Amino acid sequence: LIQPTDLFLVGGRGVAKTDILAERSQSIMHDMPHSQQVMVSDTYVNCLKNIVPTLLEGWNRKGWRNGIDYVTDKRPPSHFKSCYKPTDSYHHTISVKTGVRLILGSLDQPSGLAGNSFQHLYGDEARLLKFSKLKKLDPAIRGEHAQFGHSVFYRGRTFMTDMPNILDGDDDWITLREKDMDLDQIKLALQIGVVLNEIRCELY
């Protein structure tokens, strides 16, 4: 009932960040079918070895299956819906049955992503992401408002991390977002959601 446009989550071991990211990304991909989204990491090596396998593991626990609900690094099967933006390259790409194309990006080469258009941005292990490089992606979170502007997730951001350790060289930019959280608005959204849900039940 409380699905924010932007979710910045700092959590320790046992919080199940993987499942939270998996479930949220599934919701976003259902709410914005045919969109193009991006998952960023500090390097492609970390993205391919750690971030992506963890995400796919979470999807599998949530019921999605490789070849049926998503495919990686290859042209999607014919039963998949198509992304609004055509492409001939599926390198570093996850295609989802709803027509979503999830591009895997590295902040080693942020300029390669900045010229594109993405409707949602994800990042795991956010403490490893340098904010100075990350903000270069802001102009790319755009496009196709007429098609996707209905969604609360449009032009949103989802980042997960454990607690940044500055002494180890982590970037603590994510902790600065705490000031943007409006608890009163969250409580109001929950209250309205509960009432709306009761009305829908009565109508049903």
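The shown structure was predicted, so the numbers you read here are calculated from the model rather than taken from an experiment.

(A) Structural detail: the pairing of strand 4 (residues 93-96). Residue alternation in strand 4 divides its side chains into two sets, Thr93 and Ser95 and Ile94 and Val96, and both sets are buried. In this structure, strand 3 (residues 70-72) lies alongside strand 4, joined through three bridges in antiparallel fashion. Bridge pairing in strand 4 places Val71 opposite Ser95. Across three bridges, strand 4 lies against strand 5 (residues 101-106) in antiparallel orientation. The partner of Ser95 across the bridge, within strand 5, is Arg101. The turn linking strand 4 back onto strand 5 is made up of four residues, and Gly99 within it adopts a positive phi angle of 90°.

(B) Fine view of the layout of surface pockets. The space that makes up the largest pocket amounts to roughly 1,100 Å³. What lines the largest pocket is a set of 30 residues, and nearest its centre among them are Ile2, Pro4, Asp6, Leu7 and Ile186. Among the secondary structure elements, those contributing two or more residues to the lining of the largest pocket are strand 1 (6-10), helix 1 (17-31) and helix 6 (183-203). Ranked by the residues each element gives to the lining of the largest pocket, the list is headed by helix 6, at seven residues. Taken together, the residues that form the lining of the largest pocket break down as 14 nonpolar, seven polar and nine charged. By volume, the second largest pocket amounts to about 280 Å³. Forming the walls of the second largest pocket are 14 residues, and the residues nearest its centre are Arg13, Lys17, Asp124, Glu125 and Asp162. Put simply, the parts of the chain that give the lining of the second largest pocket at least two residues each are helix 1 and helix 2 (44-61).

(C) The state of the cysteines, seen in detail. For the structure shown, the criterion picks out zero disulfides. Free of any disulfide, Cys83 has its nearest cysteine sulfur in Cys47, 18 Å distant.

(D) Representation of the packing of aromatic side chains. Scanning the entire structure with this criterion turns up seven aromatic pairs. Measuring from ring centre to ring centre gives 5.6 Å for Tyr84 and Phe148, while their planes differ by 65°; the resulting arrangement is edge-to-face. Of this pair, Tyr84 sits in the loop between strand 3 and strand 4 while Phe148 sits in helix 5 (residues 145-148), placing them 64 residues apart in sequence. For the pair Phe159 and Trp173, a centre-to-centre distance of 5.2 Å together with 90° between the ring planes defines the contact as edge-to-face. Linking Phe159 in strand 7 (residues 156-161) with Trp173 in the loop between strand 7 and helix 6, this pair joins segments that are 14 residues apart in sequence. Judged on exposure class, the residue Phe159 and its partner Trp173 are both buried.

Rules behind the numbers
- Residues numbered from 1 in each chain as written.
- Predicted model: local features only at pLDDT ≥ 70, side-chain atom pairs only at ≥ 80, totals over all residues.
- Heavy atoms only, no water.
- Buried < 20%, exposed > 50% of the residue type's maximum accessible area, 1.4 Å probe, protein only.
- Helix = DSSP H or I, 4+ residues; strand = E, 2+ residues; numbered from the N terminus.
- Pairing = 2+ DSSP bridges.
- 1 Å grid on protein atoms, 1.4 Å probe; cavity = no way out; pocket = protein on both sides within 12 Å on 5 of 7 lines; lining within 4 Å.
- Points joined across faces, edges and corners; volume = space filled by probe spheres on them.
- Nonpolar A, V, L, I, M, F, W, Y, C, P; charged D, E, K, R; others polar.
- Disulfide = S-S within 2.5 Å.
- Phe/Tyr/Trp six-rings, centres within 6.5 Å; stacked < 30°, edge-to-face > 60°.

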